[in-house]
Structures are given as structure tokens and as C-alpha cells.
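For reference, the chains in residue letters:
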Amino acid sequence: MKKNKFFYILAAIFATTSLSGCYDSREIDETAYIVALGIDSENQKSYNYTFQLANPLEMSGGGAENESGGSPDSSVQNFVVSAPDFYIAKNQLNNFLSKTIDMSHLKLIVFSKTLDDDGFLNHSQFLIHEREVRPHTLVAVASESAGDFIKKVKPTLEANTAKYYELMSIRSDNIYAPSTNISDFLDQISINNRTSVLPIAHSSAESSGEAHNPDELWVGTDSARIDSKNSCLRGMAVFKNGEICGYMNGDCAMIFNILNRKIKSCTITLKNPAPGNSNLVFRVNIPKSAGYKIEKSKNKYLITVSQNLDIKFIGEFLPEGFNSEDELYNFAKQTISQKFTDFLYDLSRGKRADIMNMGNHFKKLFADTTKWDPTLWQKIFESADFSVNL
Amino acid sequence: MVKNKLTASFKNSDITFVVINLLIYRIFTQLPMTIFKTSGSAAPLSNLLSGIAAIGIIWFLTSCLLKNINGNLLDAAETLFGKLGKVLFCLLIIAYLAVSMIFTLENFSNLIRLIAFPTSPLWFVTIFLILGAVLGALGNTHSVIRLHGIFAPIIITVLVLLIVSTIYQGDTSRLFPLLGGGTNSVLSNSFSGIILYTDIILLLLIAPNGESRTYITKTVSIGAIFALLLNFLFALSFTLKIPQTIAQNQQFPIYLLMKQVYFGRFFQRLDALILLVSALSSMLYMSLNLTLIFDTFRQSLGFSQKPPVVIALGVLISLISLQSYTFPQNSILYLVYVCGFGVMAFSILAAIFAKVRSVLSEKK
């Protein structure tokens, strides 16, 4: 009995002394945290990687201001490395940094729009397989250079750049841009028709996506400008077969967000058809995401999109040119419905990319994958008619 | 007949928790991933079917074997097939337990290293786990079983938290087509999925003398149904949340799912809890496993000194586990399948014999 007790005490001492060591310990002041990564294509064989590293000593940790106009953001430092691939660039960065690189705080990955399809796919694969990179890291496409965007980011009302990126990515009220994470993006551009969308990262106040038609009753939001010329996420880049097949403006991104219920509410501004009257503003609540119904008549498919919207006019009085509230709301529904239909036709005939994943609804009709043919769906999608019911 | 010493009365609740841990600890290993990769969108359905099949087998084994034979599974083998049959069965059981332990130790070491110790050597984690398992096994079996009653609820809670945190954000379109690669694929995956439940055999080695033996089938069934539900929900959560393209090159499904948990900036990561429960679950299983290997040795070869056998086994299994990278790829995994299904088939055969014998004796 005594022998047993002695053995247990010895084993306990051995365990506590040998297993409570500091393997894998990482001191914060010995670690360099990457908070954002920009990937630009330099030429066919090389990429420019812009690493934005946090400078913890400059972060006060609270909500301290850095609104000194054009002064550089001292809470981060940027390094540009040209290399044939991401790992070589990371190792190269490690060569001249005294600290160990850590990617567990990576919040934003920005791709250049000039990257080839392999560039998007390979980098997404590399990054998702990095142990420290979280699957919900936000991904974006830069309207110009990814490096420029990262360098020009000026966190407003936020001292900590990493926190700024995180707040930008997790909030659900970014109406004019989609929010796509690295895990979903990789999945979407790897399978089936390889379609996806990424927000466009603007480093200046330039226009996003396609120009708005001024004759439309729908008032485009692209004319809105931020005076301070801050960087922002607005509009979306559409991917097909792993590469960018087109761009869409903030309004289209809003429709995309509504149909997918990525946003819960928004406002829509419409022109009053009666001449000389001010615009009509409607608050739209989105109780659930759109439903899809696919019907075949003769040789043509009709895709009916049903979107339940709770539309409320913002205004005390009935605007001129309308005799009743019903007339006003019918006008709003018709205009919104037309805009949604145009959006769907643009996807079907213009971009030829099923970013709404309607094929997934069609897929439910099949019992197993042997009977489901994605190429057949692509043909149906490109030739189908669309009808939107609000 | 060497009488089994493991006849101390266990609480039925403890037995339930032993059953649950035995049937869910493989969630932490790479075994579910082999099924997820081949099943695709039909993974939850395959998992459900293999769970239902396993419940049927468990019910059949406990109701036929334990009710008709006095003692544990080894006593049943001796009664039904004689001494040679018992020795052969003992060898098969020892082979299964040893291979399963090597596989478990290797898997858990890699998982824990992946979660928390990426730059430390693998032996560091292996020693940590095997030390816990050996120390647990050196105590008496009652203590190991009682520990399940304490720690299994923690493991279950964390798994439920993981499932709840991921399932509601899942993409339901990933469940379609419902039959994935087709009916044949679903059936074959359901059959191979039974491997997740083969460790129930360990329970039959303990001769589960619950508070009331009459209720043992009920006790085991409750635990098994609960474990089946957890396994199914895990498969469902994984399918809803993890894209197939990302799962293809990964080993541990729980690691992938764990990374998906996101509560915003509040309590952002579940890693620490998963790390804790994976260590607990593996140590509980391996302690029980070592205890039963020793007990099987004792009953078949007459070994009586527990510490030298358990320590030697611990060292041997750790060394093999650490050298497993030198073996042909997936060889340990295939051995687990072969031995697991072998033991289960033998047990079912024994249960059928026991049932037939009981019916014949009743007629006489």
C-alpha cells in the first residue's frame, strides 16, 4: 500500500513538473500580428503581397481617436513583399522581422482584380489551410490595387485597425456590399458553376460597378460620396468559373443582400413620376429570404422569385400624384419588382452567373448526384424567364 | 472458469455515461471524416442509418448475451465455444483493444497538438495523454467507471454547445441531393459507419452489474440512443456548415467545425473547451481500454500483477503510436475496421448461440 502511494506521488510530481512547461508559449511582445493582407499580381510569375501588421504599442485599446486628417495610421505598419507564392513571401517577411509572424488576427484579405483565376483559387486554398486563419475572415476585391487599399485604410473612430476591420466584417448593416468569408468564397469558386461575389474595396471615392441609368424610377445610390475620401466596401465583383466576370454597383449589392436576407432592413428611394416632386423614400423590412419556384412551360423555364417585403412610406402626407395609399404602394412594388427583375436578367443574360444559388433549389428535386447535372442547370439559368412577386 | 473480478456493482447512471463516452469519443478522431468524405450530402442520413443498425446490434447483444449468460463476454465465449474458443476470442479482443488504443492515441495526440501545441513535438502530447490513461488504469475499474459519471457530462455539454453554435447558421442546400452519391453509396457508408459504435463491446467485457441487472438493456439503450443522437447531430452540423471542398484535405471534422464557431468578439473561440474535453474523453477511453486489456490478459493468460502490465502496455502503445508514420498509409485505420467488425461479428455469433441454447434448455 505504501509502495503504491509512493508511486502515485512520484507520478504526480513527474506529471506536474514535465507537463506544465512552456511549450508553444508565445509572448505578445515577441509576435508580429498580421491584420490585413493584400494580394496583387505583379506579373504572371510573381505577386506583390502587402502585409499589414499590428503595432500593439500604438494601440491604447480603448476608443481613442485618430482623426488627424491625413496623418498615417500608426497602429499598423505595412510591408510589401514580391514573391512567387504566399509562403515564400511570408518566410521572406519573417527574415527581416525580429518577431514571429502570427495570422490568428487576420481580419481582411484583399485580392487585386487583375489576379488570374488560379490566383484567386490558390491563395484562398493556401490561406484556409493555414492553421491560424479563421474561416470567417472577410475577403474583398480591390477596385484598383489591393496594396493601395490596405495602405490607405484610415480607421475612423477606432484606434485599433484590427478591431476596425473586425467590426466592418461582422456588422450586418453594410447594405451596399456583400459580406463573404474565405471559407464560403473558396467553396463557391471550387464547385459546380464556380460562382461567387466579393465586396469591392475602394480606396478613393470612385464609382463602384456599373453606371446607373438616370431614366430609371429607382434612385441610384452611387452618386453618394464620402467627403473625407475614406476607403470603403461598396458594390460587388461577380465571379464565374473562378474569375471575375463583371462588377455590380451598390444598388445591385443591396438587392443581392435583400434576396439573401443578409440585411434585415434598408431604405429604398424612388423618383416621383409626377414632375417637379421630391423623391419618395420607403423603409423596407425583410422578414425572410426569397423563395424560388421553377416551372417549365413548353421549352422555356420560368423562375418565380417570391420575396416577402414589408414596405412603409416615410412621410406624413400622401405625396402628390397619388390618389390613395394603395396606389402609392402599388407603384413602389412595381418599381422595386422591375428593378429586381432587371437584376436577375443581368445575372442570367449578362454575367451568366447564378450567384443567388438558385440551382441549389433546383437540386432538391433530384434524389442523388448521379441525376443532378450542373451544366444542365447553367443552360436553364441562362435561358429562363424571371418573375418577381413582392 | 476464471471468474471475472469486475463484478462490483456499478450505478446504472455511471454505466449510461460509460456507454455515451464509448460511442461518442470517436467524434474527436478522423473516423467520421472518412464517412463524411465519401457520403457527401448524404452523411447525416448514412450516420442515422448506421446508428440505428448499431442500436439494434447493441440491444440484441445486451438482451441476448447478458441475460442468458452469467458473467461477461469472455465467460460467454468459454461457455459457448470452450477454452479454445475463449482464447481465440481473447486474442481478437486484445488485438482490437490494442489497435483501437494506438489509433485513438495517435489521433488525439495529433488533434490536441493541432489545437493548442502546433510547434511542440508530438511525443510531448502523447506522453501527456498516455500518462493520464495509465494513471487512470492503475486505479480500480470502479474508479474509472465512476470517473465517466463525472467527466462524461462535461464532454456532452461541450459537444452540444459546439453543435448548437454551428447548426443554426448552416446552409441547408448542402443536404441535397438527400441520397448523395446514390442508394448504394448510402448503404455502404451506413455499414462502414457502424465502426463508430463498435466500442460498445468493451461494456460487455465489464459484465455490467448495474444496480439491477434486469434493467441493463434499458440502461445501455438509453445511453446508446443519446450517443446516436449526438453523432447524428454532429454529422448534420458538419454537413450544413462545412463545404465538401474544404473537408476533402482535412483529417479532423471536429477541428473544422470548431473553427467555424463565431460568437463575435464575445467568447470567440471554443478551442480551449474542445481541448479540455478531447483530453478527458481520450483519457477516459484509454484508461478503460488499458484496464480491459489487462483483465483480458488476466482471464486468458492468468496475469495477476496489474501495474507492470499496464505500464508496459502504455509504453509499448505510445512507441507504436509515435512510429505509426512509418507504417503504410491508413494501415492502423484499416486494422481498426477489420478487428472492430471481427469482434462485433464474433459477439453477435455468441449472442445467437446463447439465445439458441437458452431456447433449447427452456424446451427441455
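Residues numbered from 1 in each chain as written. Chains lettered and ligands numbered in written order. Predicted model: local features only at pLDDT ≥ 70, side-chain atom pairs only at ≥ 80, totals over all residues. Heavy atoms only, no water.

Chemist: Break down the domain arrangement of chain A for me, with residues and values.
Modeler: Residues and elements named next belong to chain A. According to the domain assignment, chain A contains domain 1 (28–246) and domain 2 (264–389). On the side of domain 2, 24 residues touch domain 1, which itself brings 20 residues to the contact. Buried area between domain 1 and domain 2, both sides added, is near 1,800 Å², and the carbon and sulfur share of it is 60%. Area buried by domain 1 at its contact with domain 2 is led by Leu217, Trp218 and Val219, which between them contribute 35% of it. Applying the counting criterion to the domain 1 and domain 2 interface returns one salt bridge. (Domains from an automatic or database assignment. Contact = heavy atoms within 4.5 Å. Buried area = accessible area lost by both parts, 1.4 Å probe. Salt bridge = Lys/Arg side-chain N within 4 Å of Asp/Glu carboxyl O.)

Chemist: Tell me about unusual backbone geometry, and name the residues and values.
Modeler: Geometrically, the link from Phe176 of chain B to Pro177 of chain B is a cis peptide bond, its omega value of -5 degrees lying close to zero. Counting through the fold element by element, Pro177 of chain B comes out in the loop between helix H6 (141–167) and helix H7 (183–192). For Arg261 of chain A, which is not glycine, the phi torsion reads 50 degrees and is therefore positive. Structurally, the position occupied by Arg261 of chain A is in the loop between helix H7 (250–259) and strand S10 (265–270). The backbone phi angle of Asn330 of chain B is positive, close to 65 degrees, even though this residue is not glycine. Looking at where Asn330 of chain B falls in the secondary structure, it is placed in the loop between helix H13 (306–322) and helix H14 (331–363). (Helix = DSSP H or I, 4+ residues; strand = E, 2+ residues; numbered from the N terminus.)

Chemist: Any details on the interface of chain B and chain A? Residues and values, ideally.
Modeler: Taken together, the contact pairs 41 residues of chain B with 36 residues of chain A. Note on chain B versus chain A: buried area summed over both sides is about 3,400 Å², and carbon and sulfur give 59% of it. Put simply, chain B and chain A have three salt bridges between them. Those elements that place two or more of their residues in the side of chain B that touches chain A are helix H4 (73–116), helix H5 (122–138), helix H10 (244–247) and helix H11 (253–260) of chain B. Ranked by the residues each element gives to the side of chain B that touches chain A, the list is headed by H5 of chain B, at six residues. Grouping the amino acids of the side of chain B that touches chain A by side-chain chemistry returns 23 nonpolar, 13 polar and five charged. (Nonpolar A, V, L, I, M, F, W, Y, C, P; charged D, E, K, R; others polar.)

Chemist: Could you give an account of the side chain of Thr296 of chain B, with specific residues and numbers?
Modeler: Residues and elements named next belong to chain B. By the secondary structure assignment, Thr296 is in helix H12 (residues 271–301). Under the relative-accessibility criterion, Thr296 is labelled buried at 1%. In this structure, Thr296 is in contact with Leu74, Cys90, Ile93, Ile94, Leu97 and Leu301, ignoring residues within four places of it in sequence. (Buried < 20%, exposed > 50% of the residue type's maximum accessible area, 1.4 Å probe, protein only.)

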